[in-house]
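So you can see what is in the structure, the chains are spelled out below.
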Amino acid sequence: MNITKRDIVDRAFKLLSMSGMELDDSPEDEQDILQTLDDMMAELQTDNYDFGYLLAEDVTDSYLGDDSGIKRDALSGISHKLALRICSLFGKQPPVLLLNQADDAYNAMLTIYQNIPSVEYSTDNVVLGAGNKARWWF
């Protein structure tokens, strides 16, 4: 099953409604939220973290029905982060419980997707000699 961008947006709204927030979103709001999702994922994907999110070449080429490219284990972290951004779009203060859940879900996702670069051994970075001796002068 492919997770679409609409699935992420819908999940974020479900998280907000479960937190007791009532937001009325119009079709224009959904497009703004999709752009917010794309912008957020462009920020989050770095050399050390690749969630597989498929960014459109142009902002106007992104649609809610598009495949997101993410796996199920990243859905919670991304949708929680998006829910917090939706709160700021609508000028709402997110509930403390949602903040804590978002922090936990995002940190769990980072733990799964963290790419730790391998260490390359080279004679250029090997320290030889007597260095690092503590000298005490009185």
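Right above here is the structure, for reference.
Overview of the structure. These figures come from a predicted structure and were not determined experimentally.

Each value, and the rule that gives it
Residues numbered from 1 in each chain as written. Predicted model: local features only at pLDDT ≥ 70, side-chain atom pairs only at ≥ 80, totals over all residues. Heavy atoms only, no water. Helix = DSSP H or I, 4+ residues; strand = E, 2+ residues; numbered from the N terminus. Contact = heavy atoms within 4.5 Å. Areas by Shrake-Rupley, 256 points an atom, 1.4 Å probe, with all protein chains shown as cover. Core = buried A, V, L, I, M, F, W, Y, C linked by side-chain atoms within 4.5 Å. Buried < 20%, exposed > 50% of the residue type's maximum accessible area, 1.4 Å probe, protein only. Expected span 1.5 Å × (residues − 1). Axes fitted to C-alpha atoms, helices over the stretch in contact; angles between N-to-C directions. Parallel < 35°, antiparallel > 145°, perpendicular 65-115°, else oblique. Nonpolar A, V, L, I, M, F, W, Y, C, P; charged D, E, K, R; others polar. Polar contact = N/O pair within 3.5 Å; in protein donor to acceptor, adjacent residues only side chain to side chain. Arc of directions from axis to C-beta.

**So, the overall build of the protein chain**
Along its length, the protein chain carries 4 helices and 0 strands. The linear arrangement of helices and strands in the protein chain, starting from the amino end, is α-α-α-α. When contacts within the protein chain are restricted to residue pairs at least 6 apart in sequence, those whose partners lie at least 24 apart make up 77%. As displayed, the protein chain offers around 9,500 Å² of accessible surface, 50% of which is attributable to carbon and sulfur atoms.

**Looking at the nonpolar core**
The biggest cluster of nonpolar side chains holds 34 residues, and the ones touching the most others in it are Ile-8, Leu-16, Leu-37, Ile-78 and Leu-82. Of all elements in the fold, only helix H1 (5–18), helix H2 (27–44), helix H3 (72–89) and helix H4 (96–113) reach the threshold of two or more residues within this core. The leading source of residues in this core is H3, at 8 residues. Residue contacts for Ile-78: discarding those within four places in its chain leaves Ile-8, Leu-37, Met-40, Met-41, Ile-70 and Met-109.

**What to know about H3**
Taking 1.5 Å of rise per residue, 18 residues should cover 26 Å, and H3 covers 26 Å from first to last C-alpha, within 8% of that figure. Buried residues in H3 make contact with H1, H2 and H4.

**A closer look at the packing of H1 against H2**
Running from amino to carboxyl end, H1 crosses H2 at an angle of 105°, the nearest separation of the two axes being 11 Å. In terms of orientation, H1 and H2 fall into the roughly perpendicular class. In this structure, H1 uses Lys-5, Arg-6, Ile-8, Val-9 and Phe-13 to contact H2, whose residues at the interface are Glu-30, Ile-33, Leu-34, Leu-37 and Asp-38. Residue composition of the contact of H1 with H2, by class: 6 nonpolar, no polar and 4 charged.

**Some points on the side chain of Ser-62**
Examined against the element boundaries, Ser-62 turns out to sit in the loop between H2 and H3. Given the relative accessible area of 1%, Ser-62 is considered buried. Engagement of the side chain of Ser-62 in a polar contact is seen with the side chain of Lys-5, the distance being 3.1 Å. One polar contact links Ser-62 to Asp-38, side chain to side chain, over a distance of 2.5 Å.

**Description of H1**
The terminal C-alpha atoms of H1 lie 20 Å apart, and with 14 residues this matches the ideal 20 Å at 1.5 Å per residue to within 8%. All buried positions along H1 are accounted for by Lys-5, Ile-8, Val-9, Ala-12, Phe-13, Leu-15 and Leu-16. The buried side chains of H1 occupy one side of the element, clustering within an arc of 155° when seen end-on. Facing away from the buried side of H1 by more than 90 degrees, the exposed set consists of Lys-14 and Met-18. Residues of H1 that are buried sit in contact with H2, H3 and H4. Downstream of H1 by one or two residues, Gly-20 has phi in the positive range, about 95°.

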